[in-house]
Amino acid sequence: MPAAPHPLTLPLLSGNRRALAKAITLSESTRPEHEAQAQSLLSEMLPRAGKSIRVGLTGVPGVGKSTFIEALGVRLADAGHRVAVLAVDPSSARTGGSIMGDKTRMPRLTVHPNAFIRPSPSGGTLGGVARRTREAVTLCEAAGYDVILVETVGVGQSETQVAAMTDLFVLLTLPNAGDELQGIKRGIMELADICVVNKADTNPQAAVRAQTELRTALTLLTPHDAPWRPVALRASALTGEGLGAVWETAERYAQEVDLGVRRQAQAAQWFDELLREAAWRAFRAGVDGAQLQALRADVAAGRLTAVQGVAALLGGHSSTPQR
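Report on the accompanying structure. (Residues numbered from 1 in each chain as written. Predicted model: local features only at pLDDT ≥ 70, side-chain atom pairs only at ≥ 80, totals over all residues. Heavy atoms only, no water.)

1. Focus: the overall build of the protein
Here comes step 1: Across its full length, the protein carries 15 helices and seven strands.
Here comes step 2: Evaluated residue by residue, the protein yields a buried proportion of 45% over its 323 residues.
Here comes step 3: For the protein, the share of sequence-separated contacts (at least 6 apart) that also reach a separation of at least 24 residues comes to 73%. (Helix = DSSP H or I, 4+ residues; strand = E, 2+ residues; numbered from the N terminus. Buried < 20%, exposed > 50% of the residue type's maximum accessible area, 1.4 Å probe, protein only. Contact = heavy atoms within 4.5 Å.)

Take a look at the structure:
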């Protein structure tokens with residue numbers, strides 16, 4: 001007999017926000033029995049997922065990410081879209097919970113009937129990206145949300161993680177682009193599909209200059225054979241100026257870029273990352289802890305090179321004879 005569906009399956013597929021919140025909480029749990037339940041539920045949701053546009057957003061400090069996301073989200077929700085915001089918060093070192101509290105920073109979007117906001121603690125993972133954000137995206141899509149906005153912590157490395165799980169990546173910057181461009185890593189610029197000069201209303205002339213400088217930088221950074229030429233725009237989350245153009249550009253991106261191929265590559269990459277993590281955990285479980293510490297001490301003291309230390313450690317786990 002086929003297994004009975006998970007109790008959350010039907011309410012989740014009907015778009016029940018409480019069920020969605022419970023499902024994401026289940027997927028974030030580290031208890032083995034919860035993880036098994038979450039994977040069973042996710043396997044049921046996979047056929048219903050994949051029908052959204054996934055947008056990652058990051059920005060320099062003070063750029064107004066939450067205000068921008070709320071303004072864009074309300075605009076889309078008012079137009080009939082169902083918008084899910086997955087805002088990855090830094091984790092509290094004391095409790096492990098979210099610090100920034102995105103729901104308090106997006107009061108209008110929080111109460112909108114077409115919106116769902118999930119502040120999720122990063123759990124200290126690389127770059128601050130929550131361990132189960134990918135699963136949360138799948139659950140939101142299965143619940144009928146057709147726009148998924150993923151906000152990064154903005155701690156330096158989370159951008160690459162978010163870009164690897166979204167369809168397009170939006171970089172927000174400020175009107176004083178001359179100084180800001182100096183502080184933006186080239187790697188982050190290379191990830192951007194759309195750059196937006198936010199707070200354009202505060203200094204319109206500076207915003208125009210910033211947009212021009214961004215266009216030049218993006219032209220230099222983009223390969224000639226790239227399937228998409230990154231776009232630089234101006235907007236104001238406060239006045240609403242330019243928000244329509246931002247979303248129109250995102251929709252054009254979704255039409256011009258093969259999202260199916262992109263998502264297949266991302267899923268394969270995610271599998272490889274999980275495999276490396278699982279292989280490392282399995283290796284650590286079977287390795288002699290004392291030998292590991294002794295070899296690490298030898299490398300630290302300069303008695304062995306790091307390559308020699310690793311080779312010595314792997315000697316007992318390899319069929320290749322030692323030289």
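2. With respect to the pairing of strand 1 (residues 53-59)
Here comes step 1: Of all seven residues making up strand 1, seven are buried, and the element is well covered by its neighbours.
Here comes step 2: Covered by surrounding structure in strand 1 are Ile-53, Val-55, Leu-57 and Gly-59 together with Arg-54, Gly-56 and Thr-58, the residues of both alternating faces.
Here comes step 3: Where strand 1 meets strand 4 (residues 147-151), five bridges bridge the pair, whose relative direction is parallel. The residue bridging Val-55 from the neighbouring strand is Leu-149, located in strand 4.
Here comes step 4: One ladder, built from five bridges, connects strand 1 with strand 5 (residues 168-173); its direction is parallel. The residue bridging Gly-59 from the neighbouring strand is Leu-172, located in strand 5. (Pairing = 2+ DSSP bridges.)

3. Comments concerning the side chain of Ser-29
Here comes step 1: Its location among the elements puts Ser-29 in the loop between helix 2 (17-28) and helix 3 (32-45).
Here comes step 2: Of the polar contacts made by the side chain of Ser-29, one reaches the side chain of His-34; its length is 2.9 Å. (Polar contact = N/O pair within 3.5 Å; in protein donor to acceptor, adjacent residues only side chain to side chain.)

4. Looking at the pairing of strand 4
Here comes step 1: In terms of burial, strand 4 is a largely internal element, five of the five residues being buried.
Here comes step 2: Burial of strand 4 is two-sided: the residues Val-147, Leu-149 and Glu-151 facing one way and the residues Ile-148 and Val-150 facing the other way are all buried.

5. Here's the deal with the pattern of salt bridges
Here comes step 1: In total, this model carries six salt bridges according to the counting rule given.
Here comes step 2: Here Arg-31 and Glu-33 are joined by a salt bridge, their closest N and O atoms 2.4 Å apart.
Here comes step 3: A salt bridge links Glu-256 to Arg-252; its shortest N-O distance comes to 3.5 Å. Linking Glu-256 with Arg-252, this pair stays in helix 12 (residues 243-256), spanning four residues, or about one helical turn. (Salt bridge = Lys/Arg side-chain N within 4 Å of Asp/Glu carboxyl O.)

6. Focus on unusual backbone geometry
Here comes step 1: Even without being a glycine, Lys-199 presents a positive backbone phi close to 60 degrees.
Here comes step 2: Within the secondary structure, Lys-199 is located in the loop between strand 6 (194-197) and helix 11 (204-221).
Here comes step 3: According to the relative accessible area criterion, Lys-199 is partly exposed, its value standing at 31%.

7. Digging into helix 11
Here comes step 1: Its 18 residues place the ends of helix 11 26 Å apart at the C-alpha level, agreeing with the 26 Å of an ideal helix rising 1.5 Å per residue.
Here comes step 2: All of the buried residues along helix 11 are Ala-206, Ala-207, Ala-210, Gln-211, Leu-214, Ala-217 and Leu-218. The buried residues of helix 11 occupy an angular sector of 140 degrees when the element is viewed end-on, so they sit on one face. Opposite the buried face of helix 11, by more than 90 degrees, sit the exposed residues Gln-205, Arg-209, Thr-219 and Leu-220. (Expected span 1.5 Å × (residues − 1). Arc of directions from axis to C-beta.)

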